Amino acid sequence: QYFHQTHLVLDFEPTDYMQIFFSRPYWNAGYIKQCLMALPGFVERNFDRDLGIEITYNGNGMVSKSNPKTLLKGLKVLKALEHSFSERIEKNKTLVVEFEKRLSELDSLNYHAMKHSDFFDFFETLLTKDYQNFESAYFLTIYDNSNIKSLFGDFFQKIQEKSSEKQLHYLSLIGGLENLSHMIPVYQIWELAKIIRDNEKALVFFRETSVDTLVKNYHHKIEYPFKYEVEKYIQKFGYHGECELDISQPRFKENPRMIFENLKNTIINFEKIENPHELSNRQILHYEREKEKIEALLDNSVLEKLTSRKRKKFQKLLRTLRTFLWWREEMRDYSTKMYYHIRIATVEAGNRFYKLKIIEDPLDIFYVPFMTAIDRCKQNITQDDFKNIITKNKLYYKSFVNFQNPNEIGKRHLQRKKEIIKSNTYLFHGIGCSSGIATGKAKVILSVQDISNLSHDDILVTRFTDPGWTPVFGKLKAVITETGGILSHAAVISREYGIPAVLAVPNITTFIKDGQTITVNGAEGTVLIEK
């Protein structure tokens with residue numbers, strides 16, 4: 001629908017925008033590239049770089065031509081995009097009011113008091129209506145965010161080409177986002193740690209009490225210092241989890257271990273941790289200085305008579321981009337809240353199916369498509385057929401347990417090789433997503449269960465990060481991932497923390513070993529490994 005509304009594709013061009021491979025969904029990026037080739041100024045390398053798609057070809061890849069036909073379509077698309085940008089921002093402002101109301105209703109529900117028929121009617125509404133509303137708002141924001149990023153990127157590149165400045169800091173322009181949803185838990189856990197440290201009895205308790213005991217106290221409702229404040233925090237942010245897109249995995253309200261680990265770490269290492277409010281203010285200052293520098297350049301005659309109109313265009317594009325960067329994280333947060341409620345409702349459905357002897361294990365509910373579960377609720381599918389689906393899907397799932405899914409399918413050329421620059425070093429290239437240079441010891445994290453192994457001043461090396469990991473970024477010197485792009489969560493959060501980040505470095509977790517000394521250059525997008 002979005003691609004049709006913005007005239008990127010025509011209504012009579014049916015295609016599969018997504019397909020399942022190796023039990024995972026993949027977007028049809030190749031088709032989108034074909035559509036974008038009809039516009040002037042499309043460069044495949046820039047497209048792939050923004051989305052974190054591995055670049056395995058030489059040069060710029062596919063580049064569109066500028067001619068009357070492409071220019072005409074480009075103007076039509078540009079007009080539609082500008083309308084989409086303003087409409088989406090206003091729509092989101094309205095939606096958050098509706099979302100808050102619906103989330104409040106969901107929070108107040110007592111599943112245990114509901115009859116089976118009422119619960120399963122609710123379950124269907126949650127999955128077919130509520131989820132659709134929340135998730136579509138999030139993805140439509142993503143699409144607009146990607147497009148405004150491309151428009152701003154093209155304009156910024158022209159400024160850079162005409163500038164006599166050696167380097168303009170693009171990444172500084174997209175950092176320092178105020179009141180970012182995923183940073184609010186970081187601010188508040190720091191504030192909670194501060195009041196605990198100011199109480200000598202509480203400080204001793206949290207220093208000497210193990211995380212296991214803290215979690216046990218939570219589950220068994222045992223009293224401890226600042227219990228009310230701690231559990232208020234858990235209730236407020238407990239919809240987060242270590243794997244937020246996987247509803248089979250518990251959230252922090254169910255298992256608050258990571259919250260207690262972060263709290264205890266913040267209390268113990270409080271003097272080493274920078275006040276996140278001051279950190280945020282510094283990133284905002286970096287943004288403001290870079291913005292003022294470029295505005296001054298646009299007023300400079302050296303730039304071949306770029307007029308105040310160009311200055312205003314720069315300001316408008318940048319303002320729109322930063323607005324969408326903020327809204328992208330905001331709508332992702334609402335999406336995460338919806339995933340939490342789907343998780344809790346699905347667990348309840350599993351328990352009910354088990355009590356009704358429809359399934360042999362409450363967790364079997366996670367092995368059926370949600371529409372199949374709803375069909376069983378309505379008795380539109382037999383018990384035998386339902387069990388057969390579970391058995392088949394369990395075998396299918398287990399067949400991929402040890403399989404590492406490729407980030408992309410259908411590469412045109414061979415993979416990139418590591419570059420040996422000295423006899424004792426390797427240099428890898430990725431996407432520079434947060435400026436700065438950091439040297440330190442690598443910590444390779446292949447599973448979310450290993451997050452607790454991170455120590456202060458580690459350089460995190462992982463396949464990808466999840467929003468639930470946000471608080472651990474405060475420990476890190478730098479971040480390296482195998483996937484992701486400039487607009488991804490790891491990139492956004494790294495910029496807010498002011499730590500270097502290089503993303504989309506293929507197979508980097510197989511080359512780096514724990515404890516190796518590495519240097520991350522977040523501006524250049526390089527990772528230097530000492531053998």
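As shown above, the structure is provided for reference.
Below is a short write-up of the structure. Along each chain, numbering runs from 1 in the same order as the chain's sequence is written. Totals for whole chains, interfaces and linings use all residues, but because this is a predicted model, local features are given only for residues with pLDDT of at least 70 and pairs of side-chain atoms are given and counted only at 80 or more. Side-chain calculation: all heavy atoms of the structure are included, whereas hydrogens and water are not.

1. What about the environment of threonine 519?
1) Next: Counting from the N terminus, the helices are DSSP H or I runs at least four residues long and the strands are E runs at least two residues long. If you trace the backbone, threonine 519 turns up in strand β10 (residues 517-521).
2) Next: Between the C-alpha atom of threonine 519 and that of glutamine 235, which follows or precedes it by 284 residues, the distance is 39 Å.
3) Next: If we ignore the near neighbours within four places in the chain, the residues touching threonine 519 are Ile437, Ala438, Thr439, Thr526, Val527 and Leu528.
4) Next: In terms of polar contacts, threonine 519 uses its side chain to reach the side chain of threonine 439, at 2.8 Å. In what follows, residue pairs with any heavy atoms lying within 4.5 Å of each other are defined as contacts. Polar contact is defined as a pair of N or O atoms within 3.5 Å, subject to the rule that within protein one atom must be able to donate a hydrogen and the other to accept it, and that residues adjacent in sequence are counted only when both atoms are side-chain atoms.

2. Focus: the side chain of asparagine 147
1) Next: Mapped onto the fold, asparagine 147 is located in helix α5 (residues 116-162).
2) Next: Only protein chains enter the accessibility calculation, which uses a 1.4 Å probe; a residue whose area is less than 20% of its type maximum is buried, one above 50% is exposed, and one in between is partly exposed. Judged by its relative accessible area of 17%, asparagine 147 falls in the buried class.
3) Next: Contacts of asparagine 147, omitting those with residues within four sequence positions, involve Tyr2, Leu81 and Phe85.

3. Considering the pattern of salt bridges
1) Next: Salt bridge, as used here, is a side-chain nitrogen of Lys or Arg placed within 4 Å of a carboxyl oxygen of Asp or Glu. The tally for this structure, following the rule as stated, stands at 18 salt bridges.
2) Next: A salt bridge links glutamate 271 to arginine 197; the nearest nitrogen and oxygen atoms lie 3.7 Å apart. Within this pair, whereas glutamate 271 is found in the loop between α11 (257-268) and α12 (276-298), its partner arginine 197 is found in helix α7 (residues 184-197), the two being separated by 74 residues in sequence.
3) Next: The exposure class assigned to glutamate 271 is exposed, which follows from its relative accessible area of 73%.
4) Next: Note that glutamate 261 and arginine 257 form a salt bridge whose closest N and O atoms lie 3.2 Å from each other. Residue glutamate 261 and its partner arginine 257 are located together in helix α11, separated by four residues, close to a single helical turn.
5) Next: Look at the salt bridges and you will find they share partners, linking Lys33, Glu44 and Asp48 into a network.

4. Here's the deal with unusual backbone geometry
1) Next: Unusually for a residue other than glycine, phenylalanine 226 sits at a positive phi of about 60 degrees.
2) Next: You can see phenylalanine 226 is positioned in the loop between α9 (211-219) and α10 (227-237).
3) Next: Even without being a glycine, lysine 357 presents a positive backbone phi close to 65 degrees.
4) Next: Structurally, lysine 357 can be placed in the loop between α13 (308-355) and α14 (370-377).

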